[in-house]
Amino acid sequence: MTRSLLPFTQFVVKVHSRCDLACDHCYVYEHADTSWRARPKVIGDEVLAKAAERIGEHAAAHGLTVVRVVLHGGEPLLAGPDRLRRAAEEFRVALPPGCALDLRIHTNGVLLSPAFCDLFDRQDIKVGVSLDGDRAANDRHRRFADGRSSHPQVLRAVGLLRRPEYRHLYAGLLCTVDIDNDPAAVYRALAELEPPAVDFLLPHATWEQPPRRPAGRTENPYAAWLLAVYDHWEGDGRPFAVRTFDSVHRTLHGLSSLTESLGLEPAALVVLETDGTFEQADSLKTAYDGAPATGLDVFRHSLDEVARHPGMAARQSGLAGLSATCRGCPVVRSCGGGLYAHRYRADGGFDNPSVYCGDLMTLINGIADRGEPDPGAGTAPRAATDQAVPVQAVSAQAVPVQAGEPAVPVGLTDRQLGQLARGHGDADTVRALVRSQLALTRAMLAAVRGTSGLRSSAAWDLLTDLDAAAPAALDTVLGHPYARAWAARRLGGDPGAGLGRLAELAGAAAVRAGRGDAVAVPVREGALHLPTLGRLTLAGGGEALVTGTGDGFTVRTAGGEVLTLGAGHRDPRWEPVRLVRPAGGWTLALEDTDPQRDSHQWPVGDRLDEAELHAWTGALREAVELLDRDLPAYAQGLRTGLTTVTPLRPGPSGRDVSAAARQAFGAVGIARPATAPTLALLLAHEFQHVKLGAVLDLLDLYDPADTAQYDAPWRPDPRPIEGLLQGTYAHLAVTAFWGTRTAIYDGLPGTAAEHARAQFALWRGYTAEAVERLAGSGSLTPVGLRFADGMRETVGPWLDVALPKAAEDAARQARQARRPAAPTG
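Rules and cut-offs
- Residues numbered from 1 in each chain as written.
- Predicted model: local features only at pLDDT ≥ 70, side-chain atom pairs only at ≥ 80, totals over all residues.
- Heavy atoms only, no water.
- Pairing = 2+ DSSP bridges.
- Helix = DSSP H or I, 4+ residues; strand = E, 2+ residues; numbered from the N terminus.
- Axes fitted to C-alpha atoms, helices over the stretch in contact; angles between N-to-C directions.
- Buried < 20%, exposed > 50% of the residue type's maximum accessible area, 1.4 Å probe, protein only.
- Disulfide = S-S within 2.5 Å.
- Salt bridge = Lys/Arg side-chain N within 4 Å of Asp/Glu carboxyl O.
- Phe/Tyr/Trp six-rings, centres within 6.5 Å; stacked < 30°, edge-to-face > 60°.

K.L.:
What am I meant to see in the sheet that holds strand E13 (residues 534-537) here?
P.N.:
Strand pairs in the sheet, formed through backbone hydrogen bonds, run parallel or antiparallel to each other. Strand order in the open sheet formed by 3 strands is E12-E13-E17, and the pairing between neighbours is antiparallel. With partners counted over all chains shown, the strands left at the sheet margins are strand E12 (527-530) and strand E17 (574-576), one partner each. Across the sheet, the axes of successive neighbouring strands diverge by a mean angle of 15°, strand direction being ignored. Examined bridge by bridge, E12 and E13 share 4 bridges and lie antiparallel to one another. Residue pairing across strands places Ala-527 opposite Thr-537, the latter belonging to E13.

K.L.:
Would you mind showing me how to read helix H8 (residues 243-252) here?
P.N.:
Since the α-helix packs 3.6 residues into each turn, any two residues three or four apart lie on the same face. In terms of residue burial, H8 counts as a mostly covered element, since 9 of its 10 residues are buried. Taken residue by residue, H8 has Arg-243, Thr-244, Phe-245, Asp-246, Ser-247, Val-248, His-249, Arg-250 and Thr-251 as its buried positions.

K.L.:
I keep staring at the state of the cysteines and nothing clicks. Help me out?
P.N.:
Working definition of a disulfide: a covalent bond connecting the sulfur atoms of two cysteines. Applying the stated rule across the entire model yields 0 disulfides. Between Cys-335, a cysteine without a disulfide, and Cys-326, which holds the nearest cysteine sulfur, the sulfur-to-sulfur distance is 6.2 Å. Among the residues examined, Cys-335 registers a relative accessible area of 11% and is labelled buried. Left without a disulfide partner, Cys-357 is nearest to the cysteine sulfur of Cys-329, which lies 6.1 Å away.

K.L.:
How should the pairing of strand E22 (residues 667-670) be read in this particular structure?
P.N.:
Within a regular beta strand, the side chains point alternately toward one face of the sheet and then the other, so they alternate between its two faces. Where burial is concerned, the two faces of E22 agree: the one with Ala-667 and Gly-669 and the one with Val-668 and Ile-670 are both buried. Pairing of strand E21 (residues 658-660) with E22 involves 3 bridges; the strand directions are antiparallel. Paired with Ala-660 across the strands is Val-668, a residue of E22. Taken together, E21 and the strand that follows it, E22, pair antiparallel across an intervening segment of 6 residues, in which Gly-666 is found at a positive phi of about 100°.

K.L.:
Would you mind showing me how to read the pattern of salt bridges here?
P.N.:
It is possible for side chains of opposite charge to pair when their charged atoms get near one another. Evaluation of the coordinates by the stated rule reveals 61 salt bridges. Across the pair Arg-162 and Glu-194 runs a salt bridge whose closest N-O atoms are separated by 3.2 Å. Note that Arg-162 is positioned in the loop between helix H5 (151-161) and strand E5 (170-176) and Glu-194 in the loop between helix H6 (183-191) and strand E6 (197-201), a separation of 32 residues in sequence. Since its relative accessible area comes to 31%, Arg-162 is described here as partly exposed. Note that Arg-501 and Glu-504 form a salt bridge whose closest N and O atoms lie 3.3 Å from each other.

K.L.:
Help me understand the packing of aromatic side chains, please; the structure alone is not making it clear to me.
P.N.:
The description of two aromatic rings rests on the distance between their centres and on the angle between their planes. Tallied over the entire structure, the rule returns 17 aromatic pairs. Note on Tyr-729 and Phe-787: the rings are 6.2 Å apart at their centroids and 35° apart in plane angle, and the pair reads as tilted. Within this pair, whereas Tyr-729 is found in helix H24 (residues 721-744), its partner Phe-787 is found in helix H26 (residues 782-799), the two being separated by 58 residues in sequence. Accessibility assignment for this pair places Tyr-729 and Phe-787 in one class, buried. Ring pairing ties together the aromatic residues Phe-200, Trp-225, Tyr-230, Trp-233 and Phe-245, which thus form one cluster.

By themselves these figures say nothing about function.
Encoded structure:
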């Protein structure tokens, strides 16, 4: 029977075959394989061009939506900036429409410089760095040929990646385990560098060259070392992704592994050497000389031919490809036989358990015994929609990753996580949330394409083209809150979420790019919509051709009418999105045109007339001034992440209403209240929901299997665990607002002062009680408990504020009635 072909999705491209360090544990130069000696030092233009062509044709033939290319070595920075730029350009241009490039480089960091980082920023290349811990640990193996330490240079490189202008390039750290190093010291040294992810690798070994097991140590010292690290990581609330630990969690609950070294998922990786030959995984170099060779090359063989190589098939055969010992093992679905190379024995080939068999079993059982209630464990992004969307459709971890390369989602540093846990978040922290949400929106659009059977369409092709040619224009459109809201509805099966929205997004991006691209945009219910720009009222239906002109755009209707808009051209049928600049250069969109804005729980308002627009503009300016003055810990993040205010209709009897939408990051819906202070309160309150929603897309804070209902002190009805968490988090800002009002009125008489004190007493009590209910629920993950601790830390000082008895009495009466006067979560 012919084996069905599994396409490659990750390509490790050796751009330089030599290294400037002499690490004694390196599998390329220090193990059995010596093929590097005969290879060119630098990959040539012809090899690069042909490799890009092969990857492009492979992606097109198999309908791949994303491929990962890892620039590797040796030390890839030795190839120089021109060669690396050429590689990035070749691979990007060769991919077919609809296939995204995830481009990375893995380096020892010695040569990393601002010039390289600027290049990687322009070419969107993420950077992983090898580092084995503190100086003592790193110097044990990672030295120059003359014995000098490389540790200072590596710290300098990581310091570059931690700069705000380069932080988005920081992919993570790779650490090779050495059981002579102190696991606690190694963990702390790595954690201090605030990596998005850390990969801990077992040193490459086989049954012929087994790993060191010093006499007098525990029977499985590598498991003991990793479990010591695990305990520190768990105790810190899992501040970054660790692919080994996350994979164990996932496989214990029947989910896929995130690494080739664990689990039963088939390998989908191929290596290209500098001479153009295709090889299997680099780790095989540790088995015997020539072990990774395929005999195939980029000039004479397609990637489909490489995928049919027997060695590739052996690494893709799952349970059936394991030894009899492994197939009968109780942890086989988590272990997967370990890394393929580690099974090698001269008299039996790879038909053996891993040389780390005992360590892997001890590690897996040790993690299982410590308890892991959440199948989506770890810090990998989760599916973002409330509807049933397959995780693999949107997760950044859906692309198989080579053992040894950090698989890094857009994440949060330990410092940022601490800020958010306390309810705050400075500009840098919220920018990290913005980046993660944009990445998730992009992934959701790719999932829409995949689930809708779209192999190609004019709109999708244009979006793909603009992604390469005008990424800022596309990011502006995809960053619009209601782009994701539509994708979530579409993936959730909403029949009203038609594919015409792709054309609307493409049309808006084309206008912003101003390259002269034309796209057919549907006319629906008498209007043509361009997200972030506005709507054009047109009679009839069908499509209209939108063309960006650089200083505006034209619209050619189905009836042949041509409208020119922008650059001084006006038409009463065109209703642009109005922008408000409340203070300090911050721009907010008052969104009253986008049909997807009905994502909030309250009805949206109609188009604002001029009088109402002026009223909103003035109220927002006053509200922002108040937030900057009285709630700076909340205002900075709000300025960074809030892009859109959607006017809502007033609530029943004119009640003030507001809402955030879980699938519309960056937007809040508000019915304009009578006073600017109330608007400030509503903005701060709702943006808490926005922030927490983004955090929940990155981290599991609670057990999703928890179906219990919990008493929320501010509501008469019980709430699910996420509802209680959302309300508590939002009410941190509510309590802070009333706390500042109380301080402003300190010692003053009057109704306003009495009201502020009573509200402060009410909400500090509500919030403190809710924090303890969350902490005692038994449903929070370790990261969730860190959030409970952070919220408790914020609430604590409020409880120490002495208030008049009248304020406490008023709060007590309100609690008894359960009719809070301020917004509720």
